Amino acid sequence: MNANHRALVILSLVSLVFLNACSGNKANTVKLQGAGASFPAPLYQKWFKTYSAAHPSVQVDYQSVGSGSGVKSFLDKTVDFAASDAAMKPEDMAKVDGGVQLLPMTAGAIVLAYNLPEVDKLRLSRAAYSGIFLGKITKWNDPLIAKANPGVTLPDKPVNVVVRADGSGTTFVFTKHLSAINPEFEKTVGVNTLPNWPAGTRSKGNEGVTASIMTTPGSIGYVEYGYARSQNLHMATLENKSGNFVDASTDSAKAALASATLPSDFIIWVSDPDAAQAYPIVTYTWMILYKKYLDKNKLDAIKGLVNYGATDGQKESEALGYVPLPESVASQVQAAVNAM
Amino acid sequence: MGTASDITRAREEVAAWHPGQIWQPPTKRQRWFDVAFRKLCVAFAALTVVLIVVLVVEIGIQAIPAFREFGFGFLTGRVWDPNAHTYGILPEIWGTLYTSLLALFFGTLFGVAAAIFLAEGYLGEAVFKLLKSFNLHFHPFWGKLPQRCEALLKTLIELLAAVPSVVYGLWGLFVVIPMIRPLCNWLHSQFGWFPLFSTDLSGPGILPAVLVLAIMVLPTITAISRDALVSVPPKLRMAAYGLGATRWETILGVLLPTASRGIFGGIVLAFGRALGETMALAMLVGNANHLTVSLFSPANTLAALLANNFPEADSKQIPVLMYAALVLLAITLVVNMFGAVVLERAAGKAEAK
């Protein structure tokens, strides 16, 4: 009896100490849950890892489930922040009481990758590439393509268009650009994360599109710049709004971003940039935050995270194939998050 | 023999030896344990049923808005255009059944052949003959080789089932499609008038999807068919030989019909797997909304449609996808019930004989 008693006392003491340790941990550690776009996921993962290493009390868990799912979880309040390539619809923003803060965190370019072993450099005019994705141009030696490529012998082969099969922010941005430059595209296909494409086979994910392009001679498709660069795909030079043919690069994408001024809600589409040396298809990608957090520790952690991303984090983006934010944008983002 | 008092003494002896163990009725605790265990089993069994019902009801409730809006026209519509808010899944229903049935055809052909090869021990025989030519066939180590080769082959075929479907998908993209493209395009250029070859194969399409799917369902068919063939009573085979049948006649005329019920069960299981297969098909089928019989054209399946659309679906699209999921569920259910009925009939016939 006595021994039993003593054991009980020791047990309860141990558990008390243990519980204390746990709750003590809880008070110090902030766990942030995020979900959303897969396009910026590699960069975000890297940021969160670096940030957590420097601030052990902050743990960030980001699930790249897609922009749409991210916004859905954000509306259901199952996450602390979301990320989206397609910003957020006004009617969705109205559903969040307390308000929503969107912050552009990084940017990317979308390139047209092609597989024509005999053509090293391909120039595509606006009419040509919008025509290809409308299914109007079906042969590589079409006069519209040939006009912009003097001196290049284009093969008499069918154009195999490859588009994304899964709903994606990349597709949203690309269709937004095509709708901006081609009224017919806007009318017949329109802007969507997964529109009813009139042409082409559909492959899943950037990797699927890349695989289809690489294994099918005569194909063309759209993928993210970083992805195409790491896979060494041939990228077409595209005509921009001012009629110049521009290669996809970090500089030309930066020029495109710089040509647009951010509104106060940070939602802007650079669907058809004006600048002379701007690469035509670029986009920001956003982090979506609540304007009010009940837990002050969470708010502080998010502030620290965003500040890190807008400053030191930008230096890591180029190596991963993203376009760093123009400096004015980065400081605007910092000002906005610090005011929260 | 022993009298009553002997037995009583024996009882006492045993009771003293292992007190309270042998002659006692079950204690309260044992009874309680028995009942509790039985109830637990019933609960778990019921849980699976409840789970399915909850699943169907949940999907059904979420699909109601789409059902109200599109009704049965959803099943016959051919356009899937979120911008126009028009949805129809006839091409997907067709694609699901078409790819599954074709894959099942190839899978059955090769799967049953492989099962016969395994069940008849052809490989073991060949290895035995080879050893005999070296006079090693009763060697303590080499003599075991025939059985080992058989077991290895069987394991290898079963291992096919362990390959993740995304690996099959990538293999299809990078190996199968480039490999079959020249042949397919030649078939199209020579026999383009034939409906099956009416388009050319540019990349992902029905045929690559079917071939990969056939390989994926093959282990199921082979393993079950082999077990069915092995369990055919040996006396049937001996009787057939005794009547003067050749080995070929015995296999086709006696063994296969006797094992047909098991083989058919394997095929039904494989069909279920083919219908629900998502990842490899989403990567290989081309995901285009075409209603076509051409083997080289891209098409779409219900599972691939769901997998591709869910991540970016907005609140207007989710009921539509739930409706499509319900249709897929119904198709699987009908196929399985049909399979069960045919199995039962086959069993009835076999018994009647």
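Residues numbered from 1 in each chain as written. Chains lettered and ligands numbered in written order. Predicted model: local features only at pLDDT ≥ 70, side-chain atom pairs only at ≥ 80, totals over all residues.

### Looking at the overall build of chain B
Across its full length, chain B carries 13 helices and two strands. Expected size for 353 residues packed as a compact globule is a radius of gyration near 20 Å; at 29 Å, chain B overshoots this value by more than 25%. Reported as C-alpha extents along the three principal axes, the dimensions of chain B are approximately 95 × 65 × 40 Å. When the 353 residues of chain B are sorted by exposure, 31% land in the buried category. Contacts spanning at least 24 positions in sequence make up 73% of the contacts within chain B whose residues lie at least 6 apart. (Helix = DSSP H or I, 4+ residues; strand = E, 2+ residues; numbered from the N terminus. Rg over C-alpha atoms; globule rule 2.2 N^0.38 Å. Buried ≥ 20, exposed ≤ 12 C-beta atoms within 10 Å, placed from the backbone. Contact = placed C-beta atoms within 7 Å.)

### So, the overall build of chain A
For chain A, the helix and strand inventory stands at 14 helices and 12 strands. With the C-alpha coordinates aligned to their principal axes, the bounding extent of chain A is approximately 95 × 45 × 35 Å. Residues counted as buried form 47% of the 340 residues belonging to chain A. Residue pairs in contact within chain A that sit at least 24 positions apart in sequence constitute 70% of those at least 6 positions apart.

### A short note on the nonpolar core
Ranked by size, the top nonpolar core spans 93 residues in total, and within it Ala109(A), Val111(A), Leu112(A), Val282(A) and Ile288(A) carry the most contacts. For this core, the leading source of residues is strand E4 (residues 100-115) of chain A, giving 10 residues. What Ala109(A) contacts, discounting residues up to four positions off in sequence, is Tyr225(A), Ala248(A), Ala253(A), Tyr279(A), Ile281(A), Val282(A) and Val323(A). Counting 68 residues, the second largest nonpolar core, distinct from the first, contains Ile177(B), Ile224(B), Ala228(B) and Ala304(B). (Core = buried A, V, L, I, M, F, W, Y, C linked by C-beta atoms within 7 Å.)

### As for the confidence of the model for chain A
Residues and elements named next belong to chain A. Scored by pLDDT, chain A has a mean of 84; 92% of the residues are at 70 or more. The secondary structure element of chain A with the lowest average pLDDT is helix H1 (residues 2-28), at 51, and the one with the highest is strand E8 (residues 219-224), at 91. Overall, residues 16-26 carries pLDDT values under 50, and its contacts beyond four positions in sequence, including any with other chains, amount to zero contacts. (pLDDT = per-residue confidence, 0-100.)

### Points about the interface of chain B and chain A
Each side of the interface is counted separately: chain B has 24 residues, and chain A has 27 residues. Secondary-structure elements contributing two or more residues to the side of chain B that touches chain A are strand E1 (80-81), helix H7 (165-191), helix H11 (279-284) and helix H12 (302-309) of chain B. A total of four residues in the side of chain B that touches chain A trace back to one element, the largest contributor, which is H7(B). The residue inventory of the side of chain B that touches chain A, partitioned by class, reads 14 nonpolar, seven polar and three charged. (Nonpolar A, V, L, I, M, F, W, Y, C, P; charged D, E, K, R; others polar.)

### Describing helix H4 (residues 90-120) of chain B
An α-helical turn contains 3.6 residues, so any two residues separated by three or four positions project in the same direction. Taking 1.5 Å as the rise per residue, H4(B) with 31 residues should run 45 Å; its terminal C-alpha atoms sit 44 Å apart, in good agreement. Gly121(B) sits one or two positions beyond H4(B) and adopts a positive phi of about 70°. (Expected span 1.5 Å × (residues − 1).)

### Considering unusual backbone geometry
Phi is positive for Lys77(A), which is not a glycine, with a value near 60°. Within the secondary structure layout, Lys77(A) lies in the loop between helix H3 (67-75) and strand E3 (81-84). The class for Lys77(A) is exposed, based on 9 C-beta atoms found within 10 Å. Positive phi outside glycine occurs at Asn287(B), with the angle close to 50°.

### What to know about the pairing of strand E12 (residues 282-290) of chain A
Residue and element names in this part refer to chain A. With nine of nine residues buried, E12 lies mostly within the body of the structure. Neither face of E12 is left uncovered, since the one carrying Val282, Tyr284, Trp286, Ile288 and Tyr290 and the one carrying Thr283, Thr285, Met287 and Leu289 both have all their residues buried. Pairing of E3 with E12, which is carried by four bridges, proceeds in the antiparallel orientation. Opposite Ala83, over in E12, you have Met287 as the bridge partner. Relative to E12, E4 runs antiparallel, the two sharing nine bridges. If you follow Val100 over to E12, its bridge partner there is Tyr290. (Pairing = 2+ DSSP bridges.)

### Side note on helix H2 (residues 41-54) of chain A
All names here are of chain A. Along its 14 residues, H2 runs 20 Å from first to last C-alpha, staying within 8% of the 20 Å computed at 1.5 Å per residue. Every buried residue of H2 is accounted for by Leu43, Tyr44, Trp47, Phe48 and Tyr51. Mapping the buried residues of H2 onto a view down its axis gives an arc of 130°, with all of them on the same face. Away from the buried face of H2 by more than 90 degrees, exposed residues Lys49 and Ala53 are located. The inward-facing, buried residues of H2 abut strand E2 (58-64), E3, E4, helix H12 (296-310) and helix H13 (313-317). (Arc of directions from axis to C-beta.)

### Looking at the sheet that holds strand E5 (residues 123-124) of chain A
Residue and element names in this part refer to chain A. In space, the three strands of this open sheet follow the order E5-E10-E11, with mixed pairing throughout. Taken across any chain shown, the strands that pair with only one partner, and hence form the sheet edges, are E5 and strand E11 (245-246). Both E5 and strand E10 (residues 237-239) contribute to a ladder of two bridges, which runs parallel. In the strand pairing of E10, Arg123 is matched with Thr237.

### Considering the environment of Leu123(B)
Residue and element names in this part refer to chain B. Structurally, Leu123 can be placed in helix H5 (residues 122-133). When the 16 C-beta atoms within 10 Å are taken as the criterion, Leu123 is described as partly exposed. Beyond its immediate chain neighbours, meaning those up to four positions away, Leu123 contacts Phe117, Cys149, Glu150 and Leu153.

### Structural notes on the environment of Ser38(A)
All names here are of chain A. For Ser38, the position within the fold is in the loop between strand E1 (30-36) and H2. The exposure class of Ser38 is buried, given the 22 C-beta atoms found within 10 Å. Separated by 32 residues in the primary sequence, Ser38 and Gly70 have C-alpha atoms spaced 9.7 Å apart. Discounting chain neighbours no more than four positions away, the residues touching Ser38 are Ser64 and Gly66.

### Some points on the pairing of E1(A)
Residues and elements named next belong to chain A. Bridge count for E1 against E2 is seven bridges, and the pairing is parallel. Bridge assignment links Leu32 to a residue of E2, and that residue is Val60. As judged from the three bridges shared by E1 and E3, these two strands associate in the parallel manner. Bridge pairing in E3 places Ala35 opposite Ala82.

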